Amino acid sequence: EMTTTDMATLSREVAKFAEGKKLEIEALQLRDTYRKEFMGNISHELKTPLFTVQGYIETLLDGAMKDKKVRKKYLARAGKGVDRLIYIVKDLDMITKLETGELSLNKEEFDIVELIQNVFDLLEMKAAKKNITLSLDKHYPPTMVFADRDRIQQVLTNLIVNSIKYGKNDGATEISIEDLSKNKIIVRVNDNGEGIEKKHIGRLFERFYRVDKSGSRKEGGSGLGLSIVKHLLEAHNERIYVESTFGVGSEFSFTLKKAKKTAPVKSKTGVLQ
Ligand code: ADP
């Protein structure tokens, strides 16, 4: 037979169970809303370049094909639209992998200074179009870190591409590296571009979030760049920070784990290298 205390305990248990279920349902509903929003964003992102491509093809079929020069120009533009579609789909693929935890990291020791130089080389042409210089703030010796080199290359690429996209003509992107603690360094990417208003800072890393919707679309982003950067660093247990002054410039910085200290190698001549 149940005592009053038993009854009280039971009713508390039932209430707890019901509350648990309610929370579960709420979480599922939230996830569903999130999923629907994501799908909506994707189709919105894809529509613009798709309509562009469709537009050029239609114009060509409507007679623009006859003129060799016009034909070439329109085909090139349609091709650009396709490039953009591929770029967006690649970003979507990456973000999906990151959010479902499918992406595995391949960590190794590598020189971050060398990687930065490589990324500078790859983006030099893009920067030159706006006469923006890409540089390190001083000469650094090789600085070994422990991370997934390809993923960190992507992080650097996204941040530097942004510094160019949102940079002013004749501007400068400068990177500095600093010791943060015994086993961490911090890499800072500075630009003297348009800067970001305070009210946007908290939302920058959300997927598809853009400060100026029309402006950045013209620049050809997907709105996923920073969200990918954040995910990639979080997968490494590293952090990203942003500081910005509207009209003056921005600084995006992130931490990296130092490689285990390797003892200086003695060369044959006995000189420490
Ligand atoms: P997008 O594809 O639009 O560049 P991101 O996720 O890379 O997407 O960036 C989100 C938004 O943050 C951009 O649309 C832009 O408004 C702002 N932003 C990013 N980097 C910078 C920067 N270096 N300077 C100014 N604004 C920036």
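Predicted model, so just to flag it, every value in this text is computed and none were measured.

1. Examining the pairing of strand β5 (residues 184–191)
Item 1. Among the 8 residues in β5, 6 count as buried, and that is most of the element.
Item 2. Summarising the sheet, strand β4 (residues 172–179) and β5 pair through 7 bridges and their orientation is antiparallel. Pairing of T173 across the sheet is with D191, part of β5.
Item 3. The antiparallel hairpin formed by β4 and β5 contains 4 residues in its connecting segment.
Item 4. Looking at chain direction, β5 and strand β7 (residues 249–257) are connected through 8 bridges and run antiparallel. Bridge pairing in β7 links D191 to S250.

2. Description of the site of the ligand
Item 1. Among the 20 residues in the neighbourhood of the ligand, the closest are listed as K165, Y166, D191, G223 and L226.
Item 2. In the environment of the ligand, an oxygen atom lies 2.9 Å from a nitrogen or oxygen atom belonging to the backbone of S222.
Item 3. Within the backbone of L226, a nitrogen or oxygen atom sits 2.8 Å from an oxygen atom of the ligand.
Item 4. For the ligand, whose free accessible area comes to 530 Å², the fraction covered by protein is 98%.
Item 5. Counting residues per element, the ones that place at least two in the shell around the ligand are α4 (149–165), α7 (225–235) and β7.
Item 6. Take the shell around the ligand: its biggest share by element is 3 residues, from α4.
Item 7. A class-by-class count of the residues in the shell around the ligand yields 8 nonpolar, 9 polar and 3 charged.

3. Considering the sheet that holds β5
Item 1. Spatial strand order, β2-β4-β5-β7-β6: 5 strands in an open sheet with mixed pairing. If you trace the sheet from one side to the other, it starts and ends with β2 (133–136) and β6 (240–245), each paired once. Neighbour-to-neighbour, the strand axes of this sheet turn through a mean angle of 15°, independent of strand direction.
Item 2. By the bridge criterion, 4 bridges tie β2 to β4 in an arrangement that is parallel. Counted as the bridge partner of L136 is I175 from β4.
Item 3. Where helix α3 (residues 112–128) meets the sheet, it contacts β2, β4, β5 and β7, and its direction lies at approximately 170° from that of β2.

4. Regarding the packing of α3 against α4
Each pair of packed helices can be summarised by the angle the axes make with each other and by the distance between the axes.
Item 1. Between α3 and α4, whose axes approach to 10 Å, the crossing angle comes to 40°. Taken together, the axes of α3 and α4 lie oblique to each other. Judged by the twist between their axes, the crossing of α3 over α4 is right-handed. Between α3 and α4, the contacting residues are I112, E114, L115, I116, N118, V119, F120, L122, L123, K126 and A127 on the first element and R149, I152, Q153, L156, T157, I160, V161 and I164 on the second.
Item 2. Looking at the contact of α3 with α4, its residues break down into 13 nonpolar, 3 polar and 3 charged.

What counts, and where the lines are drawn
- Residues numbered from 1 in each chain as written.
- Predicted model: local features only at pLDDT ≥ 70, side-chain atom pairs only at ≥ 80, totals over all residues.
- Heavy atoms only, no water.
- Buried < 20%, exposed > 50% of the residue type's maximum accessible area, 1.4 Å probe, protein only.
- Helix = DSSP H or I, 4+ residues; strand = E, 2+ residues; numbered from the N terminus.
- Pairing = 2+ DSSP bridges.
- Near = heavy atom within 4 Å.
- Polar contact = N/O pair within 3.5 Å; in protein donor to acceptor, adjacent residues only side chain to side chain.
- Areas by Shrake-Rupley, 256 points an atom, 1.4 Å probe, with all protein chains shown as cover.
- Nonpolar A, V, L, I, M, F, W, Y, C, P; charged D, E, K, R; others polar.
- Axes fitted to C-alpha atoms, helices over the stretch in contact; angles between N-to-C directions.
- Contact = heavy atoms within 4.5 Å.
- Parallel < 35°, antiparallel > 145°, perpendicular 65-115°, else oblique.
- Left-handed = near helix turned anticlockwise from the far one by under 90°.

Interpretation in functional terms is not warranted from these geometric data alone.
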